[in-house]
Amino acid sequence: MKKIKDMKNNSIMKYFKKKQTDSNSGARMASQTADNAPERNHTSKKKEKGLGTNGHDSPKSAEGQRHTFNFRYRYKKHAVSCDTSKTVLDALNTNKIFSKIRKDNKDKEIVIRRSKGAVPRAAVKTDFPCCLIKRDELLDITFIKNNGNVATKTTGGLSFSRASENIVTFNIKTKGGDKVKLLMKNNALRLKVDDVCVYAFKDDKLKAALRRDGRFNDVIFKKHCVLSEFGSETIHQMSSTVEHLDGKHFEIIVIGDKKPPDSQDDVLSDVSAEMNEASAADLKENVDPNKHQETQKRERVKSTNTSAKYCKINYSEEIREILCSQFNDILELMQREKLKKNSLFQNFFRAEYDKSVQSFSEVYKIKQLMRLSDSVCQIRVEGSARGTGFLLFGRFVLTNAHVVRDFLESPDKLSPTKYLEAAFDFERLDSKVKLVPVNRRLAAYCFITDANNSRLDFALLELDDADEIKGRPRLLSRYVHGPPRNRGGICIMGHPDGGIKKVDPCLIVEDLQEAGYKHMSENVNFIQMITKRSLEDKWAVYGNQINYNSCFFHGSSGSPVFDEDCYLIGVHTGGYVYPGERGKTRSFVEYAYSMPPILDMIRAQAKIKGLHDVVNILEAHSNKSNV
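Criteria and thresholds
Residues numbered from 1 in each chain as written. Predicted model: local features only at pLDDT ≥ 70, side-chain atom pairs only at ≥ 80, totals over all residues. Heavy atoms only, no water. Helix = DSSP H or I, 4+ residues; strand = E, 2+ residues; numbered from the N terminus. Buried < 20%, exposed > 50% of the residue type's maximum accessible area, 1.4 Å probe, protein only. Polar contact = N/O pair within 3.5 Å; in protein donor to acceptor, adjacent residues only side chain to side chain. Pairing = 2+ DSSP bridges. Patch = residues over 30% accessible without salt bridge, like charges linked within 9 Å, V, L, I, M, F, W, Y side chains within 5 Å. Areas by Shrake-Rupley, 256 points an atom, 1.4 Å probe, with all protein chains shown as cover. Salt bridge = Lys/Arg side-chain N within 4 Å of Asp/Glu carboxyl O. Phe/Tyr/Trp six-rings, centres within 6.5 Å; stacked < 30°, edge-to-face > 60°. Lys NZ or Arg CZ within 6 Å of the ring centre and 35° of its normal. Contact = heavy atoms within 4.5 Å.

## Re the environment of His224
When you line up the elements, His224 lands in strand β8 (residues 224-229). Taking relative accessible area as the criterion, His224 reaches 18% and is therefore assigned buried. Sequence-wise, His224 and Val254 are 30 residues apart; in three dimensions their C-alpha atoms are separated by 5.9 Å. At 3.2 Å, the side chain of His224 and the side chain of Gln237 are in polar contact.

Pasting the structure below:
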């Protein structure tokens, strides 16, 4: 009865999604255990004859051999010593720095890309054998959003006791043919990498190898799919073995909606692959064949007995009544929100809905933001709005370089023919605005991309009259040194469209290309400048760039960006815009540049110019932040 109450109080979709997952998982495990017994017996007999599981003489063991490879995360390289009989994940886990990185991204999926091999930059699984990694090879480590179809707890602890001669690797494009659009279970992986590297043993069937890999969508096993080899256009059937695929590059294509009938060997091979995500029975030597045979017999009998029984679901009548009573409300909601597709309906109830409500909803945060907003000003040239700025420290206002770029006499001075002002308290059209003149001398100015791939677009303006800005908070006091935020909520304050001061709480975009595809699907009638090709290309994202969805467009450049704890993290700078309906500017992603490289450059320029007061303030704050 408690479950019935939970259904009444909670989401129906959430309740039945869990029930279906539990039910399917139990049925699938029972079926796999029963059908897997013949394959296990066959494997055990091979081992009793002194053969490898592929039917060949067991070669020299790889256990005990060691070499070193490197991994790179966010431009920093680290060396890892590995036992070649272990997996890449096992080797990486021996590194304390990687363990910390993985802990910080525990809910995400790991992406490991090779620098060598037949297809460089192809992504391997975490259970990829270390014996296939070249000595001193560099592996790039990144993390992507997990969509729930791929387990975040990756497989480890496997042992590759056989030498690498019995293992083959081949590469497959993450973008399928015309009839296979979503080839990968995690669409974020398709957007992140072009190819994945699959390993298998020479006698493995192709279908079993792809199932065991676990990254491919189930659609390729339900339709008649084949591998088309690049260069020769040779077609390889799923029922063939992989021994001739080593080092080759393929694309998965569909040649029929119905898959060909499987042979008995194919069925056993498929079930074995599903039961063992990394073919653990083939890889571990310490398995007792007799014990496995007895276990499989018991599980097969158990599965047969349970499959013949049918029992009534508890409280099924009550569940049916609840569903019927809530059906009309759900249908009305779907029609009102124009949710015609399952994907749209799911997106409507995603976690982002909760996040957008929770971000900056606490009263004390709102009060704190309102106090900080007194430091935000509008940058005006000859009385006309040009952008936004904010008091960083003392009498200095920070804005974007492109806001004042057209009014420079030199990189150090503003033009004498143009009059710049900082307008504070422009919060209503009838507000009493405080206009403070801007000194012609620029304390700092930069409009470049530095050697660390950080984009610098800032100008530090000096105000002439410091008395007009007394009592206003300086936002440097709300800055704490740290790397750019890559998730969570943010808040922007500025003067979009040259209007009154506004605040926009929004969410950080973790995957730029995924956000682009989502925006295209929701605004297909408006997009004129952005093409599918431009989204598929690997866009250059600067190392200090923070992406998010905001309604702040022209005139808001130079606005301060705060995180969920009201700390200053960046300067709002631009967005990926295009002309929309009736000439209205539209954008699918906006971005800011984070504070650390900006402050470092300001301090460096201030030392060169002899601005000791600026240097002292920045160094004092830096020492305080590091305490």
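What follows continues from the structure just given.
## Examining helix α7 (residues 206-213)
Of all the 8 residues making up α7, 7 are buried; the element is thus mostly covered by neighbouring parts of the structure. Restricting attention to buried positions, one finds in α7 the residues Leu206, Lys207, Ala208, Ala209, Leu210, Arg212 and Asp213. In the segment just after α7, Gly214 is the residue with positive phi, at about 85 degrees.

## Thoughts on the pairing of strand β18 (residues 455-463)
Two faces, one strand: in a regular strand the side chains alternate between the faces of the sheet. In terms of burial, β18 is largely enclosed, as 9 of its 9 residues are buried. Both faces of β18 are covered, namely the face carrying Arg455, Asp457, Ala459, Leu461 and Leu463 and the face carrying Leu456, Phe458, Leu460 and Glu462. Note that strand β17 (residues 434-449) and β18 share 8 bridges and pair antiparallel. The residue bridging Thr449 from the neighbouring strand is Arg455, located in β18. Hairpin connection from β17 to β18: 5 residues lie between these consecutive antiparallel strands, with Asn453 at a positive phi of about 65 degrees.

## Some details on a nonpolar patch on the surface
A cluster of nonpolar residues, Ile366, Met370 and Val503, forms a patch on the protein surface that exposes about 230 Å² of accessible area. Within the secondary structure layout, Val503 lies in strand β20 (residues 502-507). Judged by relative accessible area, Val503 falls into the partly exposed class, the value being 36%.

## Examining the packing of aromatic side chains
Evaluated as defined, the whole model comprises 7 aromatic pairs. Note on Tyr73 and Phe143: the rings are 6.0 Å apart at their centroids and 80 degrees apart in plane angle, and the pair reads as edge-to-face. Linking Tyr73 in strand β1 (residues 66-73) with Phe143 in strand β5 (residues 138-144), this pair joins segments that are 70 residues apart in sequence. Neither Tyr73 nor Phe143 differs from the other in exposure class; each is buried. Just above the ring of Tyr199 sits the side chain of Arg212; from NZ or CZ to the centre is 5.9 Å. For the cation-ring pair, Arg455 lies above Phe447, with the distance from its terminal atom to the ring centre recorded as 4.7 Å.

## Focus on the environment of Arg215
Among the structural elements, Arg215 can be located in the loop between α7 and α8 (219-222). For Arg215, a relative accessible area of 7% translates into the label buried. Taking the C-alpha atoms as reference points, Arg215 and Asn186, separated by 29 residues in sequence, lie 7.3 Å from one another. Excluding anything up to four places from it in sequence, Arg215 contacts Ala123, Val124, Lys125, Leu183, Met184, Lys185, Leu189, Val196, Cys197 and Val198.

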